[in-house]
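This is what each chain is made of:
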Amino acid sequence: MGRIRVLPDQVANKIAAGEVVERPASVVKELLENSLDAGATDLRIEVEVGGRRLIRVVDDGCGMLRDDALLAFERHATSKLRDVKDLLSIATLGFRGEALPSIASVSRLLLETRSVEETTGTTIEIAGGKMLRCEESALVRGTSISVRDLFYNVPARRKFLRTEQTELAHIASLATHYSLAHPDKTVRLASGAAELLSVTPVATLKERVYQVFGSQALDDLVDIGVRERDMFLPPPSVPPSQAIAEYQREPEEPPVRTFRLTGFFSRPQVQKANRNSIYIFVNGRLIRDRLLLHALAAAYHNLMPASSYPFALLFLECDPAEVDVNVHPSKTEVRFRHGSFVHDFVRDTIRERLMESRPAPSFSPAPRPASSTAIQPAAALPYSEFSQMIENTAPAGLADAPTMPPQPAPAPSASSALPEFSLRPAAPPPQRLDFSAPPLEVTPGPPPSGKLSRRLDSHGEFPPEAIPPPEMSLSVLSDLRPLGQIHESFIIAAGRDGLWIIDQHVAHERILFEQVMKQRAAGRVEIQRLLMPLILQLTPEQQIDYARIADELHTAGFETEPFGNRTIAVKAAPAAVSAPDLEKILFEILEIAEGELRNASLEDLRRDICASIACRAAIKINTRLDASKMEWLLRALAQTDCPMSCPHGRPIALHYSTREILKAFHRI
Ligand code: ADP
Ligand code: MG
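Rules and cut-offs
- Residues numbered from 1 in each chain as written.
- Chains lettered and ligands numbered in written order.
- Predicted model: local features only at pLDDT ≥ 70, side-chain atom pairs only at ≥ 80, totals over all residues.
- Heavy atoms only, no water.
- Axes fitted to C-alpha atoms, helices over the stretch in contact; angles between N-to-C directions.
- Helix = DSSP H or I, 4+ residues; strand = E, 2+ residues; numbered from the N terminus.
- Parallel < 35°, antiparallel > 145°, perpendicular 65-115°, else oblique.
- Left-handed = near helix turned anticlockwise from the far one by under 90°.
- Contact = heavy atoms within 4.5 Å.
- Nonpolar A, V, L, I, M, F, W, Y, C, P; charged D, E, K, R; others polar.
- Core = buried A, V, L, I, M, F, W, Y, C linked by side-chain atoms within 4.5 Å.
- Buried < 20%, exposed > 50% of the residue type's maximum accessible area, 1.4 Å probe, protein only.
- Near = heavy atom within 4 Å.
- Polar contact = N/O pair within 3.5 Å; in protein donor to acceptor, adjacent residues only side chain to side chain.
- Areas by Shrake-Rupley, 256 points an atom, 1.4 Å probe, with all protein chains shown as cover.
- Phe/Tyr/Trp six-rings, centres within 6.5 Å; stacked < 30°, edge-to-face > 60°.
- Pairing = 2+ DSSP bridges.
- Salt bridge = Lys/Arg side-chain N within 4 Å of Asp/Glu carboxyl O.
- Expected span 1.5 Å × (residues − 1).
- Disulfide = S-S within 2.5 Å.

> Help me understand the packing of helix H15 (residues 504–521) against helix H19 (residues 627–638), please; the structure alone is not making it clear to me.
Any two packed helices are characterised by the angle at which their axes cross and by the distance between the axes. Put simply, H15 and H19 touch, their axes get as near as 9 Å, and they point 50° apart. In terms of their interaxial angle, H15 and H19 are classed as oblique. For the crossing formed where H15 meets H19, the hand is left-handed. In this structure, H15 contributes Gln-504, Ala-507, His-508, Arg-510 and Ile-511 to the contact, and H19 contributes Trp-632, Leu-633, Ala-636 and Leu-637. When grouped by side-chain class, the residues that make up the contact of H15 with H19 number six nonpolar, two polar and one charged.

> Explain the nonpolar core to me, please; I cannot follow it from the model alone.
A general trend in soluble globular proteins is that nonpolar side chains are found buried together. If you look at the biggest cluster of nonpolar residues, it comprises 64 residues, and the most contacted ones within it are Leu-31, Phe-73, Val-147, Val-209 and Leu-313. If we skip the residues at most four places from it in the chain, Leu-31 touches Ile-55, Val-57, Leu-100, Ile-103, Ile-145 and Val-147. Counting 39 residues, the second largest nonpolar core, distinct from the first, contains Phe-259, Val-282, Cys-318 and Phe-341.

> Would you mind showing me how to read the site of ligand 1 here?
Of all residues adjacent to ligand 1, which total 20 residues, the nearest are Asn-34, Thr-78, Ser-79, Lys-80 and Gly-97. Contacts to ligand 1 include Thr-78, whose side-chain N or O atom sits 2.5 Å from an oxygen atom. The contact in question runs from an oxygen atom of ligand 1 to an N or O atom on the backbone of Phe-95, over 2.9 Å. Coverage of ligand 1 by the protein chains reaches 93% of its 530 Å² of free accessible surface. Elements that contribute at least two residues to the shell around ligand 1 include exactly helix H2 (24–37) and helix H4 (99–105). When residues in the shell around ligand 1 are grouped by element, the largest group, three residues, is from H4. For the shell around ligand 1, the residue count by class is eight nonpolar, eight polar and four charged.

> Whenever I open this one, the packing of aromatic side chains confuses me. Can you help?
One pair of aromatic rings is described through two measures. These are the centre distance and the angle between the planes. Overall, the coordinates contain four aromatic pairs when judged by the stated rule. Between Phe-259 and Phe-341 the ring centres are 5.2 Å apart and the planes differ by 45°, which places this aromatic pair in the tilted class. Within this pair, whereas Phe-259 is found in strand S11 (residues 256–266), its partner Phe-341 is found in helix H10 (residues 339–357), the two being separated by 82 residues in sequence. Note on Phe-341: relative accessible area 19%, which makes it buried. A ring pair is formed by Phe-265 and Tyr-300, whose centres lie 6.4 Å apart and whose planes are at 90°; its orientation type is edge-to-face. Placement of the pair is Phe-265 in strand S11 and Tyr-300 in the loop between helix H9 (290–299) and strand S14 (312–317), with a sequence separation of 35 residues.

> Can you walk me through the sheet that holds strand S22 (residues 567–574) in this structure?
Whenever strands of a sheet pair, they do so through backbone hydrogen bonds, lying parallel or antiparallel. What the three strands build is an open sheet, ordered S20-S22-S21; its pairing is antiparallel. Both outer strands of the open sheet, strand S20 (527–537) and strand S21 (559–562), are each paired with one neighbouring strand and no more. In this sheet, adjacent strand axes meet at a mean angle of 15° when their direction is disregarded. The pairing of S20 with S22 spans seven bridges and is antiparallel. Note on S22: the bridge partner recorded for Arg-529 is Ala-572.

> Explanation requested: the pattern of salt bridges in the structure shown.
Any two side chains of opposite charge can pair if their charged atoms end up close together. With the rule as written, the count across this model stands at 28 salt bridges. Between Glu-356 and Arg-227 there is a salt bridge, with the nearest N and O atoms lying 2.8 Å from each other. Highlighted residues: Glu-356 in helix H10 and Arg-227 in strand S10 (residues 227–232), separated in sequence by 129 residues. The partner of Asp-344 in a salt bridge is Arg-347, with the nearest N and O atoms 3.6 Å apart. Pair noted here: Asp-344 and Arg-347 are both in helix H10, with a separation of three residues, about one helical turn.

> What's the story with the pairing of strand S3 (residues 108–114) in this structure? I'm lost.
Looking along a regular strand, one sees side chains alternate from face to face of the sheet. Examined bridge by bridge, S3 and strand S4 (residues 121–127) share six bridges and lie antiparallel to one another. Note that in S4 the partner of Leu-109 across the bridge is Ile-126. Sheet analysis places S3 next to strand S6 (residues 142–148), joined by seven bridges and oriented antiparallel. Note on S6: the bridge partner recorded for Leu-110 is Ser-146.

> What is the right way to look at H19 in this model?
For an α-helix the count is 3.6 residues per turn, leaving residues at separations of three or four pointing the same way. The terminal C-alpha atoms of H19 lie 17 Å apart, and with twelve residues this matches the ideal 16 Å at 1.5 Å per residue to within 8%. Residues of H19 that are buried include every one of Met-630, Leu-633, Leu-634, Ala-636, Leu-637 and Ala-638, and no others. Tucked inside the fold, the buried residues of H19 contact strand S17 (481–486), strand S18 (490–495), strand S19 (498–503) and H15.

> I tried to follow the sheet that holds strand S1 (residues 42–48) on my own but got confused; where do I start?
Across the sheet, which stays open at both edges, the eight strands sit in the order S5-S4-S3-S6-S2-S1-S7-S8 with mixed pairing between neighbours. Strands with a single pairing partner mark the edges of an open sheet, and in this sheet they are strand S5 (130–137) and strand S8 (194–199). This sheet shows a mean twist of 10° between the axes of neighbouring strands, independent of strand direction. Here six bridges tie strand S2 (residues 54–59) to S6, and the two strands are oriented antiparallel to one another. Considered in S6, the bridge of Leu-54 is made with Arg-148.

> Explanation requested: the state of the cysteines in the structure shown.
Working definition: the covalent bond between the sulfur atoms of two cysteines is a disulfide. Overall, the coordinates contain zero disulfides when judged by the stated rule. With no disulfide of its own, Cys-642 lies closest to Cys-646 among cysteine sulfurs, the gap being 9.6 Å.

> How should the environment of Ala-299 be read in this particular structure?
Considering the arrangement of structural elements, one finds Ala-299 in helix H9. Considering only alpha carbons, one finds Ala-299 and Arg-353, 54 residues apart in sequence, at a separation of 9.8 Å. Beyond its immediate stretch of four places on either side in the chain, Ala-299 contacts Arg-347, Ile-350, Arg-351 and Leu-354.

> Before we go on, may I ask you to explain the pairing of S5 in this structure?
Inspection of the sheet shows S4 paired to S5 by seven bridges, in the antiparallel sense. The residue bridging Gly-121 from the neighbouring strand is Ser-137, located in S5. Following S4, the chain reverses through two residues before pairing antiparallel with S5; Gly-128 in that reversal takes a positive phi of roughly 55°.

Listed below in structure tokens is the structure:
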């Protein structure tokens, strides 16, 4: 007798559940996706004990016919696909027909549903994959699915669940982000008696962002608007999935595909330590995708330190045929048919918007507790990094500036006369320099009753007076009147709209960086010949890196040649670099090359070489500047493509608007 046997459905479902249902939040995700696919406009989520005891999703969607309700729990039963060709153009969130049977196999599930076409509804009860009850009942239209005691029959999984608070935070994060993806729907999340999220339909994503996070968050974000790029289809290429390899594309396929990007992303000075604040939706599906994450990082290259990440809420729309969603059972990964096109579109669009909006950081508010920044409690739960971004807008410390000379201790008289600007990164801003607007008034923690609190309700609309003032643009820099310096390091300037502080070193660095990049692109880098060649001794690794980038160095203005064993002779250098800096800068570039060549593009290396040159050549801090120099610096900065951050990603200018000044003096 053979040893292979076909597994019974119950076992197969439990195995599938291992992939589909990782934690309570995965159940919420699957149920929400089903409700959205069913055309629901009102989605209510209730959970108890972080979803362990209960997860209930109630919708007003199309509901299920009685026969369908039974079928829905069969393995691979779906209403969303007919044949394998449909996999090429999936417009729904679900399609695998795996979620309901998987969830039902690891919990006690109650389905209550009534379809528009039927007068009575259906109730089905299943525990651990076994049907307990199926009966007709009087129900309103729509579907309610209650999942109790998740993993009650899979002790191994149950053990891996994290604390109630963590699981709840995952659920809240998910609900928040789906609510952002669907501004036209009502979304509610309640944990026990506490209402964590409650948003009513609005017309735009901007209004939804306002509902969820409040106006403060909007001030910190750049709106992409609607950006599109057309792709002209190349000759037929390899189909996206092996499983459908035998199916050819339809001959009447349109030759142009349009990709559309909308959403919000943070200004470069909002720097996060990880990628948790990046939310990417492709055709309405929340996904994790390396290609798009890379495109986003590339957009911020030279605007933000490499180890930092922005906040982003991106919605990419394209023809469903352009994206294969059938990559993983949890449907959180996708594969693009024309990956590099999509990558470049996203990178260029975000970069262009960053350049266009030239957002100036306002005086960074002192860190406030998360609960005071978020309007909806769900957005304030720890997992949701959205709420934390506002706190992290403090400009990066200056101590790591590569050019920072040793700190001369300020004379005691000067330090008492001047506000205490700390040049050390760890020191918090002194209290009396706290220019922050008064903290937003919000109800701390969830409201006591299950009912919507008045405060939440009042944010259902977008009052015109709450619309943030027009984005401050750094283009106004050329009109600024320099008033003087603080510590001979920061230029203070007055403008039409308030007060500005400009970091002179990074400002000059940005000006030089763009100059050097332009000269390099035009093949006209100004160089200086050295009277005596500079001889440098390299380590074996440096020797290898040098060999790889010798051409790049040459184009950047460094004339070098091998000079015996592991030694090079430098005969000329870019004019901007002074002789004493030359050795340091070359070793710095070799070090960058070592890191970059492994995982970055040549373009990135090129930019980094230019950034090193600019950094070495720029005016240092602790340098006195006369009025004409300061004026020149501001004008030149205004003319750069990107006056908001230096090539290493630090902010250049801080703005304290008239409105903020008036508010701080209680005049408005
Ligand atoms: P899939 O979503 O991949 O089709 P599921 O197992 O999640 O698979 O659901 C199976 C089927 O049950 C769906 O195709 C749909 O027809 C039906 N269904 C599930 N949830 C709902 C709902 N909330 N409203 C209406 N129909 C639903
Ligand atoms: Mg589904």
